[in-house]
Amino acid sequence: MALDPGANTMLSSFSVRSRLAARMVSGRTALIGDAAHEISPIGGQGMNLGWLDAEALLPGILAVVRGEPSAEALMRFDALRRRAAAAAKRQAEVNMALGRPLPVSLLRPRNAVIARAAAIPAFNALVARRFTMQ
């Protein structure tokens, strides 16, 4: 059976979207992952943020379970993760800008600059750290 690409009836557009909850903690309730922030899914930023949110929330959860004061740990979580979400938002915007279609007259020079930068080990290490949010 031959596939006909022209027969595709599903059309969708992709745009850069980002949202961040005004706060991720209210009392003893915390938002993590997509409930707390929406980041365009380029480079897995949103998914990685969710996992890192869960890890960062653990000290606050443990404080609650132990009956210890948890407000400070939860406030720290809120500030830390909101900064991380803002950084991921900026990274997603850069990634989308670098990958957007351009006229050939601009596409070749852009790709040449990226290729030269990618040949630099320190640049590759920086990009890897940014994508893994380290």
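Below, the structure is looked at part by part. It should be emphasised that the depicted structure is a prediction, and the values quoted were computed from it without experimental measurement. The written sequence of each chain sets the order in which its residues are numbered from 1. Thresholds applied to this predicted model are a pLDDT of at least 70 for local features of residues and 80 or more for the giving and counting of side-chain atom pairs; totals over whole chains, interfaces and linings are not thresholded and use all residues. Just so you know, side-chain values use all the structure's heavy atoms and leave hydrogens and water out.

A look at the nonpolar core
Phase 1: The criterion is simple. A nonpolar core is a set of buried Ala, Val, Leu, Ile, Met, Phe, Trp, Tyr and Cys residues joined through side-chain atoms within 4.5 Å. Only protein chains enter the calculation, and the probe is 1.4 Å; a residue is then buried if its accessible area is under 20% of its type maximum, exposed if over 50%, and partly exposed in between. Counting residues in hydrophobic clusters, the biggest one holds 6 residues: Met24, Val25, Ala36, Leu57, Leu74 and Phe77.
Phase 2: Ile39, Leu49, Ala85 and Ala92 belong to the second-largest nonpolar core, a separate cluster that totals 5 residues.

A few points about helix H2 (residues 71-99)
An α-helix turns once per 3.6 residues; consequently, residues spaced three or four apart project the same way.
Phase 1: Secondary structure elements follow DSSP: runs of H or I no shorter than four residues count as helices, runs of E no shorter than two count as strands, and numbering proceeds from the N terminus. How far a helix is expected to stretch is found by multiplying one less than its residue total by 1.5 Å. Its 29 residues give H2 an end-to-end C-alpha distance of 42 Å, which sits within 8% of 42 Å, the value for a rise of 1.5 Å per residue.
Phase 2: Looking only at H2, the buried set comprises Ala73, Leu74, Phe77, Asp78, Arg81, Ala85, Ala87, Ala88, Gln91, Ala92 and Asn95.

Brief notes about helix H1 (residues 45-65)
Phase 1: The first and last C-alpha atoms of H1 sit 30 Å apart over 21 residues, in line with the 30 Å expected at 1.5 Å per residue.
Phase 2: Bend, at a single residue, is the angle you get between axes fitted to the 7 residues ending at that residue and the 7 residues starting at it. Leu58 marks the point of greatest bend in H1, at about 35°, and the proline Pro59 comes within the next four residues.
Phase 3: Every buried residue of H1 is listed here: Gln45, Gly46, Leu49, Gly50, Asp53, Leu57, Gly60 and Ala63.
Phase 4: Phi turns positive one or two residues past the end of H1, at Gly67, with a value near 75°.

Observations concerning the pattern of salt bridges
Phase 1: Every case where a carboxyl oxygen of Asp or Glu lies within 4 Å of a side-chain nitrogen of Lys or Arg is listed as a salt bridge. With the rule as written, the count across this model stands at 4 salt bridges.
Phase 2: Residue Arg19 pairs with Glu38 through a salt bridge whose shortest N-O separation is 2.8 Å. Pair noted here: Arg19 is in strand E1 (residues 18-20) and Glu38 is in strand E4 (residues 37-39), with a separation of 19 residues, a long-range link.

Considerations on the side chain of His37
Phase 1: The residue His37 is located in strand E4 in this model.
Phase 2: Reaching out from His37, the side chain makes a polar contact with the side chain of Asp53 at a distance of 2.6 Å.
Phase 3: Between two residues, a contact is recorded if the distance between any of their heavy atoms is within 4.5 Å. Not counting residues within four places of it along the chain, the set of residues in contact with His37 comprises Arg19, Leu20, Met24, Leu49, Gly50, Asp53 and Ala85. Side-chain atoms alone can form a polar contact between residues adjacent in sequence; in general such a contact is a pair of N or O atoms within 3.5 Å, and within protein one must be able to donate a hydrogen while the other accepts it.

Things to note about the packing of H1 against H2
Phase 1: Axis lines are fitted to C-alpha atoms, over the contacting stretch for helices. Their N-to-C directions set the angle, which ranges from 0 to 180 degrees. For the pair H1 and H2, the least separation of the axes is 9 Å and the interaxial angle reads 165°. As the angle between them shows, H1 and H2 are arranged roughly antiparallel. The crossing of H1 and H2 is right-handed. Of the residues in H2, those in contact with Gln45, Leu49, Leu52, Asp53, Ala56, Leu57, Pro59 and Gly60 of H1 are Ala73, Leu74, Phe77, Leu80, Arg81, Ala84, Ala85, Ala88 and Gln91.
Phase 2: The residue inventory of the contact of H1 with H2, partitioned by class, reads 12 nonpolar, 3 polar and 2 charged. With respect to orientation, any angle under 35 degrees is reported as roughly parallel, any angle over 145 as roughly antiparallel, any angle of 65 to 115 as roughly perpendicular, and every other angle as oblique. Here is the rule for handedness: rotate from the far helix to the near one, and if that takes an anticlockwise turn smaller than a right angle the crossing is left-handed, while a clockwise turn gives right-handed. Note on residue categories: nonpolar means Ala, Val, Leu, Ile, Met, Phe, Trp, Tyr, Cys or Pro, charged means Asp, Glu, Lys or Arg, and polar means any other residue, Gly included.

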